[in-house]
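Survey of secondary and tertiary structure
Below are the chains, spelled out letter by letter.
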Amino acid sequence: MMTRQEKALWAAVIILAAGVLFMGSLIVIRGLKPAGTVHEPDEEQGGRKAVAAFDGQIITEDEWVEELKRTHGKDMLLQMLNQKAVDAEAKALQIRVTPEEIAEKVKADAAGYESEEAYFQSMYAQLGLSPADIRAEAAYQLTLEKIATLHIDISDADVDRYLEEHQEEFEPKKQYELAWIKLKSRKAANEALDRLERGEDFGKLAEELSLDEYTRLQGGRLGWIEEDDPFVPAELLDAAKELQTGDIAGPIRLQDDGYAVMEVIDIQETEKPSSEDIREGIRKQLALNEAVPLTELEAQLRDKYGAKIIAETPPGQGAR
């Protein structure tokens, strides 16, 4: 199972690798053209397809594509070249990633979510990535890792040493499905508790009162949290260890600022991986620690296969 730290790193990889696929929806389009009337997005304007309209002005498909190229074109071109270079190297080295390996990686990346479907929905909502995009990125990362570690040998003794020094990493851990309402003062937290005691719904109250913008619109849900998760306030986890499923606790004084009211939705204990899976995971991680950084490997492979960007770099997008 992935830790929250590993999930954060995975999200960063996805953003770097596929950012241009979803950033289009966030771009502030320049160069709006005036028009006499508002036109539907599928209408043609002077031979150019209109893709959006606002207040009597249209945005054409050409303008949209040009803006995407201007702001994210180089990143996308680099990713396309990386993919081609990695594919070429994998073919030359006869490296193959199986569907089973891809499925296992997606399953590991989805750990901590309620289900793989919930993971897919979250990735689409946050990053605009479809399940196919996620599987393609998983295949790419696995292939790149296999290339990076192909000639690195990790002995059984190396694995045994790591196991002895980090045994606690592989022990079963408790996970808590939590929801919270972050509030400014103890008084506000007590008032929220009073309303909950009168039968008000926790999720609706979180949407109304919580100061945490990220979880407020999800009814305060933090999702599944491991007992030692460093990305969740320790005060919440300490309180959760003393509670049972369905319990509500508060006010909980937060070290950074404010108070919290917390609900324990569910509790479960993670399964310990098999000895074989543990050893294989350790072997892979130790090999990656010795390997060239993956971004550097991508650059080396682009050079090896003569990959280069020919198009002129737009202003403000200097070489990287």
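Please refer to the structure higher up on the page.
What comes next concerns the included structure. Keep in mind that what you see is a predicted model, and the values were worked out from it rather than measured.

1. Structural notes on the packing of helix α7 (residues 186-197) against helix α8 (residues 202-209)
- Put simply, α7 and α8 touch, their axes get as near as 10 Å, and they point 150 degrees apart. For the element pair α7 / α8, the angle class is roughly antiparallel. The hand of the α7/α8 crossing is right-handed. Residue-level inspection shows Ala192, Arg195 and Leu196 of α7 in contact with α8, the latter providing Phe202, Leu205, Glu208 and Leu209.
- Residues belonging to the contact of α7 with α8 are distributed by class as follows: five nonpolar, no polar and two charged.

2. Overview of the sheet that holds strand β7 (residues 248-253)
- A sheet is described by the order of its strands in space; here four strands give the open sequence β6-β5-β8-β7, paired in antiparallel fashion. Edge positions in the sheet fall to β6 (221-226) and β7, since each has one partner strand and no second. Neighbour-to-neighbour, the strand axes of the sheet open up by a mean angle of 35 degrees, direction not taken into account.
- Strand direction decides the pairing type here: strand β5 (residues 174-183) and strand β8 (residues 259-269), joined by ten bridges, are antiparallel. Paired with Lys174 across the strands is Glu269, a residue of β8.
- Here α8 sits on the sheet in contact with β5, β7 and β8, set at roughly 45 degrees to β5.

Basis of the calculations
- Residues numbered from 1 in each chain as written.
- Predicted model: local features only at pLDDT ≥ 70, side-chain atom pairs only at ≥ 80, totals over all residues.
- Heavy atoms only, no water.
- Axes fitted to C-alpha atoms, helices over the stretch in contact; angles between N-to-C directions.
- Helix = DSSP H or I, 4+ residues; strand = E, 2+ residues; numbered from the N terminus.
- Parallel < 35°, antiparallel > 145°, perpendicular 65-115°, else oblique.
- Left-handed = near helix turned anticlockwise from the far one by under 90°.
- Contact = heavy atoms within 4.5 Å.
- Nonpolar A, V, L, I, M, F, W, Y, C, P; charged D, E, K, R; others polar.
- Pairing = 2+ DSSP bridges.

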